[in-house]
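Results of the structural survey
What follows is each chain in one-letter form.
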Amino acid sequence: MTRRFVSVWLSRWPTDQWRRRNKAGALSGPLALTLAGQGGIRLHAVDGLATADGLRPGMLLADARALCPGLTAGPADLAADRMALARLAVWSQRYTPQAATDGTDGLILDITGCAHLQGGEQGLLTDLGDRLGRAGLTHRLAVADTAAAAWGWARHRSAAAGPVLPTGTRAWVSLLSLPLAALRLDEGLRNDLIRVGLRSVGDLQRQPRAPLVARYGTGPLRRLDRMLGVAADPLAPAMAAPSWHVCRPFAEPIATRDAIEAALLLLLRDLSARLEAAGRGARRLLLTCFRTDATTQEISIGTARPGRDPQGLLKLFRERIDNIDPGFGIEMMELAATGTDIFTAEQAGLAMGGGDAVAVMGLLDRLVNRLGEDQVGRPVPRDTHRPERMMELAGEMEGQGAPLPLPQAGAGRKQAQPQYPSAGEGVGNDPDTSTLLNPKPKSWPKPQASRPAPARPRTWLVEGSRPLLLLHPPEPVRMGEGLSWRGRQLAIDWLEGPERIRPDWWQARTGPTRDYYRAQLADGRRLWLFRTVDDRGAWYLQGLCA
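Here the structure is a predicted model, which means the values were calculated and not measured.

**With respect to the overall build of the protein**
On a plain count of helices and strands, the protein comes out with 15 helices and 20 strands. Put simply, of all contacts in the protein between residues at least 6 apart along the chain, 59% involve residues at least 24 apart. Split by element, the accessible area of the protein, about 30000 Å² in all, is 53% carbon and sulfur.

Spelled out as structure tokens, the structure:
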């Protein structure tokens, strides 16, 4: 079977998309889209009216307005155009599963074995052209044996020529008459060929190959062979993202909570089977209930990690089922996984602490879905040496409940740090915000406000073990024959250390250096203490060990 390709050239794609995005279909004057370029703002794309007025892409906007005072100019959105073209390629799979974008203003469709479903190639072109026309897209279509031939025929054929080329070598006469631009050569290479008298595809085809390769490389002949079907021209079809949704209509409308839960469980089982076959798990689920009065009710849940256990997901939905108002009854329910991720199986029973981790994740899921994402904080690491500041709840520093992104390196320099009094007052030595902004003069070290922050958040190497319970702020103690803490005198069996932790160098070394010790009391309890390395030499209790 001879392969056949359809090339779709959307000659005014940027301006047509601009009209669709801005709902400016009734715009009567010329339109041009602009981008910043060399020497100022230049035209990126123009519509048919602007072309008729003599405007061309690449012109300065000031010159274009001088030629056409009624010009409507808007900024080009290249990213939006690319995304829209990708969506159009997926839409065009109604004609063939082998459809892909072709450059920035076209599509290529491999319709081999598919044209008869539309009544033949001419019927397919007619249907495709009608749909593109109703969408307001300026287009030109062509059919050929190769993608390169279809591309060149769509863009460079004469106005009197038809869009469908014959199969085999019978199409060569038409293809060899096309200009050299139909081969999609680089502009510089094309100009070099034109300077030596090669102006059409036929001129290039009639030349000896060895001198052409020696002078211009293999590019021109490779393009020629692809157009004539001598060499392969692979096509990478665009693939639509898998749609993870299931639905269940009902013979009779349902209105009770038990019926809704039973139907939801069936939907979860169907969706979980599909996710399992694809090796994925759901992160966000949306349940839509279609009522008999043509309105809908929606509830959604989220999970901390991918999941596909129907019973576990149903427990999360139960927190919100009461928000559904069935009205006069629900005639259909649809469940969609709006967010999925790769599912990694775990064997929690064999991993130390695995069961506890699973339980904690389940608790977090229930809290977030019951209270809302903005009401549940999460611990995030901070880039600091101080043990009491290494972890902090997201949103705590800003006084908000909404989760914040992970703190970046050096972010702590702009935030007020938790303070505790100095050793002479019974607590620590860290400065408050006013001290950070207006540091007192010191002989050494000098403030280094311009010192660069670390390039990325880092995980500091820890020399010794850390306590299970960390006190914040550290509590002052007195060391002598024993340990005096909270008015009680405690006997110490042994003291181990020190482990020195220095201040954060990117904060101009604010605060004293600390020497940490691990102490065991006579009753077996273990404490984590530190002593400030300064003229005061004050002691503090930082944490309690197991």
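Moving on from the model shown.
**Section: the packing of aromatic side chains**
The tally for this structure, following the rule as stated, stands at five aromatic pairs. For the ring pair Trp91 and Tyr95, a centre distance of 6.1 Å and an interplane angle of 80 degrees mean the geometry is edge-to-face. For Trp91, a relative accessible area of 31% gives the class partly exposed. Among the aromatic residues, those joined into a cluster by ring pairs are Tyr516, Trp528, Phe530 and Tyr540. In this arrangement the basic side chain of Arg94 is found over the ring face of Tyr95, its NZ or CZ atom lying 5.8 Å from the centre.

**Regarding the sheet that holds strand 9 (residues 280–291)**
Strand order in this open sheet of four strands is 8-11-9-10, and the pairing throughout is antiparallel. Two strands in the sheet have a free side with no partner beyond their single neighbour: strand 8 (245–254) and strand 10 (296–307). Within this sheet the neighbouring strands show an average axis-to-axis angle of 15 degrees, counted without direction. Summarising the sheet, strand 9 and strand 11 (residues 330–342) pair through 11 bridges and their orientation is antiparallel. From the neighbouring strand, Cys289 faces strand 11, where its bridge partner is Met333. Across the sheet, helix 13 (residues 310–318) touches strand 9, strand 10 and strand 11, and the angle it forms with strand 10 is around 130 degrees.

**Focus on the packing of helix 10 (residues 209–216) against helix 11 (residues 219–228)**
In contact at an axis separation of 8 Å, helix 10 and helix 11 are set at 125 degrees when each is read in the N-to-C sense. If you check the angle between helix 10 and helix 11, you find them oblique. The segment helix 10 lies against helix 11, with Arg209, Leu212, Val213 and Tyr216 engaging Pro220, Leu221 and Asp225. Classifying every residue of the contact of helix 10 with helix 11 gives five nonpolar, no polar and two charged.

**Overview of helix 11**
Within helix 11 the residues assigned to the buried category are Pro220, Leu221, Leu224, Asp225, Met227 and Leu228. Down the axis of helix 11, the buried set is contained in an arc of 160 degrees. They therefore lie on one face. Those residues of helix 11 that are buried are in contact with helix 6 (147–156), helix 7 (172–176), helix 8 (187–195), helix 9 (201–205) and helix 10. Just past helix 11, the residue Gly229 takes up positive phi, approximately 85 degrees.

**Concerning the environment of Val6**
Position of Val6 among the secondary structure elements: in strand 1 (residues 5–9). What makes Val6 buried here is its relative accessible area of 0%. Along the backbone, Val6 and Pro163 are 157 residues apart, and their C-alpha atoms lie at a distance of 9.5 Å. The residues touching Val6, leaving out its near neighbours within four places in the chain, are Leu107, Ile108, Leu109, Ile111, Leu124, Leu125, Leu128, Ala142 and Val143.

**Let's talk about the nonpolar core**
Grouped together as the largest cluster of nonpolar side chains are 30 residues, with contacts concentrated most on Leu175, Leu178, Leu183, Val201 and Met227. The greatest single-element share of this core, amounting to six residues, is contributed by helix 6. Look past the residues within four positions of Leu178 in its chain and what remains in contact with it is Gly152, Trp153, His156, Arg157, Ser200, Val201 and Met227. Within the second largest apolar cluster, 28 residues are counted, among which are Phe250, Leu264, Ile321 and Ala337.

**Some remarks on unusual backbone geometry**
Of note, the bond from His472 into Pro473 is cis; its omega dihedral lies within 30 degrees of zero at 5 degrees. You can see Pro473 is positioned in strand 14 (residues 469–479). Look at the link from Gly497 to Pro498: it is a cis peptide, with omega at 0 degrees. Of note, Pro498 is situated in strand 17 (residues 492–501). Notably, Arg486 is not glycine yet its phi reads approximately 55 degrees, a positive angle.

**Description of the pairing of strand 14**
Regular strands have side chains that alternate between both faces of the sheet. Pairing analysis gives five bridges linking strand 14 to strand 20 (residues 539–544), with the strands arranged antiparallel. When the bridges of strand 20 are listed, Glu475 appears paired with Leu541. By the bridge criterion, two bridges tie strand 14 to strand 15 (residues 483–485) in an arrangement that is antiparallel. Bridging across to strand 15, Arg478 finds its partner in Ser484. Hairpin connection from strand 14 to strand 15: three residues lie between these consecutive antiparallel strands.

So, how was this worked out
Residues numbered from 1 in each chain as written. Predicted model: local features only at pLDDT ≥ 70, side-chain atom pairs only at ≥ 80, totals over all residues. Heavy atoms only, no water. Helix = DSSP H or I, 4+ residues; strand = E, 2+ residues; numbered from the N terminus. Contact = heavy atoms within 4.5 Å. Areas by Shrake-Rupley, 256 points an atom, 1.4 Å probe, with all protein chains shown as cover. Phe/Tyr/Trp six-rings, centres within 6.5 Å; stacked < 30°, edge-to-face > 60°. Buried < 20%, exposed > 50% of the residue type's maximum accessible area, 1.4 Å probe, protein only. Lys NZ or Arg CZ within 6 Å of the ring centre and 35° of its normal. Pairing = 2+ DSSP bridges. Axes fitted to C-alpha atoms, helices over the stretch in contact; angles between N-to-C directions. Parallel < 35°, antiparallel > 145°, perpendicular 65-115°, else oblique. Nonpolar A, V, L, I, M, F, W, Y, C, P; charged D, E, K, R; others polar. Arc of directions from axis to C-beta. Core = buried A, V, L, I, M, F, W, Y, C linked by side-chain atoms within 4.5 Å.

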